[in-house]
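Architecture and fold: a report
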Amino acid sequence: MTPGIVRATAAHPVARRRVPAVVMALPIYAFLFLFIAFPLWRLFVDAVTTEEGKFTLAFLRDFATDGFYRRSLVNSLIVSAGTVVGCIVIGFLAAFLLVRYDFPGRETFSYLTILPIIMPPLVGIMGLVFVLGRAGTINVILMDYFGLAKPINFIYGWHGVLLAMIMHYFPLITLNVVDGLSKLDASLEEAAEAMGSRGLRKIRDITIPLVTPGFISGATLVFILAFADFATPLVVGMQDLISSQAYLNIVQYIDNRLFKMGIVIGALMAAMAIVFLVIARRIVGLREYAVVSYRAVERRPLRGVARVLAPAFFVVILTVAFLPYLGVTLAAFGKAWSLTPFPTRFTLAHMDQVLHLTPIYLINTLRWSAIAVLIILAFGVPIGWVLARTTLPGRGMIDSAVILILALPGTALGIAYIRAFHFPLPVIGLVLSRMWIIMPLVLAVRRMPYTVRAVYASMLGLHRSMEESAASVGASGLRTFFDITLPLIWRGVLAGALFSLMFALQEAAATILLVLPGWETMTVGIFTFYTSGTIGQAAALGFVLILLCAATLYGVYRLTGARMGGLFGSGGG
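What counts and how
- Residues numbered from 1 in each chain as written.
- Predicted model: local features only at pLDDT ≥ 70, side-chain atom pairs only at ≥ 80, totals over all residues.
- Heavy atoms only, no water.
- Helix = DSSP H or I, 4+ residues; strand = E, 2+ residues; numbered from the N terminus.
- Rg over C-alpha atoms; globule rule 2.2 N^0.38 Å.
- Buried < 20%, exposed > 50% of the residue type's maximum accessible area, 1.4 Å probe, protein only.
- Contact = heavy atoms within 4.5 Å.
- Areas by Shrake-Rupley, 256 points an atom, 1.4 Å probe, with all protein chains shown as cover.
- Axes fitted to C-alpha atoms, helices over the stretch in contact; angles between N-to-C directions.
- Parallel < 35°, antiparallel > 145°, perpendicular 65-115°, else oblique.
- Left-handed = near helix turned anticlockwise from the far one by under 90°.
- Phe/Tyr/Trp six-rings, centres within 6.5 Å; stacked < 30°, edge-to-face > 60°.
- Lys NZ or Arg CZ within 6 Å of the ring centre and 35° of its normal.
- Salt bridge = Lys/Arg side-chain N within 4 Å of Asp/Glu carboxyl O.
- Core = buried A, V, L, I, M, F, W, Y, C linked by side-chain atoms within 4.5 Å.

Along its length, the chain carries 26 helices and two strands. For a compact globule of 573 residues, the expected C-alpha radius of gyration is about 25 Å, and the chain comes in at 25 Å, within 12% of that figure. Across the 573 residues of the chain, 54% fall into the buried class. Sequence-distant contacts in the chain: of pairs separated by 6 or more residues, those separated by 24 or more amount to 78%. When the accessible surface of the chain is split by element, carbon and sulfur atoms take 67% of a total near 25,200 Å².

Written out as structure tokens, the structure is:
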């Protein structure tokens, strides 16, 4: 018992009246309703009403009968499914090798495998253009030194989008599968071997079914992220994807019909995310396994040719995954880079431009992200506590809302916020879309689930007896939390907050739709610089953003090691 609780007990020997938990949870209910339920409701209503507020299905019919939109939807589904398949193949193999076998460089590869997620997809595809584009490093080398007549189209098209997305998102599968494999009881596989199930059959019959919840959680997240990514296709010239059309119809306002089509697409993306999420939770629920205690499978050393092939696999994958880093770094410091494999001169002028002359992108990014993390801590930590320690009414809805946020496409959320907060709010009369607070608010909502899941996982590992002892001597709920609970789970809270911060720094899909002059973030600046042809400044901003995200991820890694799968959904309940 801490001295604070002892003093509190002595000063208040009579049992105090406790505030009902449901009353204390009212701010959480209000926050989730106002910033999740209300925008989504407004988005769905706008998709089926006219400007005069009359119900109509005309906009949905226009979408369904338009051949271009139908093709865009099919293309998006194909690209998203292809991304999931590629991520599963690479992500599962990487996780299986890292967890089950010892080979040269395993520790280094385990850290490097996580790094691709620190690069925003927009920066990643931009870096790939510098290296694999028609005038990029590889094509110039092939043409100058190997006599190639014309450049190879490595990335302009759906294959380039797939390459960029797979190389960026496969760590999400790896993290979830690593989490599942690490908790798998060795006795189950030993029993299978005793029955004659060995090799690939054992993996198919025992291992894969037991890690299916992690598989499904990671695959659902990858599918929705790929489905909602509009920047990557636009950089390589693909506009016939549904997310690209949502962005173009909203931002490049041409007429009311196209703007309404943008709203319909946003509603469709949100609805599909909800459907995918329900299906995924249903599958996970049917295949969830639990053991009272487990004995981890012992890691075995690889021998013979396998000892060479395993490191070779990681070298090949990580070389491709890190190509964008090379391209962004060269472009950020290159002064004269035209028709040569590498820049012929280097300069700090691009860095000076974005850090000294126009630092607004960096300042805004840090400012909005820091405020967002404060909002996340204010609401995310209590939500994690509610999910782990209470049976409050609506607890299941809160849990579903948190998971929905994780799965909700940023483009759809940005459109929902435009429609919900472009008018004076009831009672308070504020137009949030014209106030700067909308930026950290949307970042907080988008990135809150990582902190909630981290707090929830930490609370599950903390036995209730210590909190019950504090409560038995009269400590209030808040006093118990700050004196007992928080000192024991601070690592999980900090890791979740840092993960939320890292993804807030990268956010583009939602903020780019809400930004007003003077509010621009780094990702908005990168997109603006790149599309206007000022490549050096775009690369310099991308380079700084990578450094910020790498430093944040290093902090998370130091706190949690590689066991971060629960942050993406596989570790919760």
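Read on for the rest.
Let's shift gears to the packing of helix α20 (residues 410–420) against helix α21 (residues 438–460). Remark: α20 packs on α21, axes separated minimally by 11 Å, with the N-to-C direction vectors making an angle of 140°. In terms of orientation, α20 and α21 fall into the oblique class. For α20 against α21, the interelement crossing comes out right-handed. Packed against α20, whose contacting residues are Gly-410, Leu-413 and Tyr-417, the element α21 presents Ile-438, Val-442, Val-445 and Arg-446 at the interface.

Across all of its chains, the model carries 27 aromatic pairs by this definition. Aromatic side chains Phe-92 and Phe-96 sit 5.7 Å apart centroid to centroid with 25° between the ring planes, which places their arrangement in the stacked category. Residue Phe-92 and its partner Phe-96 are both found in helix α5 (residues 67–100); the two are separated by four residues, about one turn of the helix. Taken as a pair, Phe-92 and Phe-96 share a single burial class, namely buried. Plain terms: the ring middles of Phe-499 and Phe-503 are 5.4 Å apart, the flat faces sit at 35° to each other, and that makes the pair tilted. Highlighted residues: Phe-499 and Phe-503, both in helix α23 (residues 477–506), separated by four residues, approximately one helical turn. For Phe-503, a relative accessible area of 10% translates into the label buried. In this structure an aromatic cluster arises from ring pairing among Phe-31, Phe-35, Phe-38, Trp-41, Phe-379, Tyr-417 and Phe-421. For Arg-134, the ring lying beneath its charged end belongs to Tyr-156, and the centroid distance is 4.2 Å.

Going through the model one piece at a time under the given rule, you end up with nine salt bridges. For the salt bridge of Arg-106 with Asp-102, the shortest nitrogen-to-oxygen distance reads 3.3 Å. Taking relative accessible area as the criterion, Arg-106 reaches 10% and is therefore assigned buried. Of the residues examined, Asp-102 reaches a relative accessible area of 33% and is grouped as partly exposed.

Our focus in this paragraph is the nonpolar core. Of all hydrophobic cores here, the largest spans 185 residues; its most connected members are Phe-103, Phe-314, Ile-383, Tyr-417 and Phe-421. In terms of residue count, helix α9 (residues 158–182) provides more of this core than any other element does, 14 residues in total. Each residue touching Tyr-417, except ones within four places of it in the same chain, is listed here: Phe-35, Pro-39, His-422, Ile-438, Val-442, Val-445 and Leu-514.

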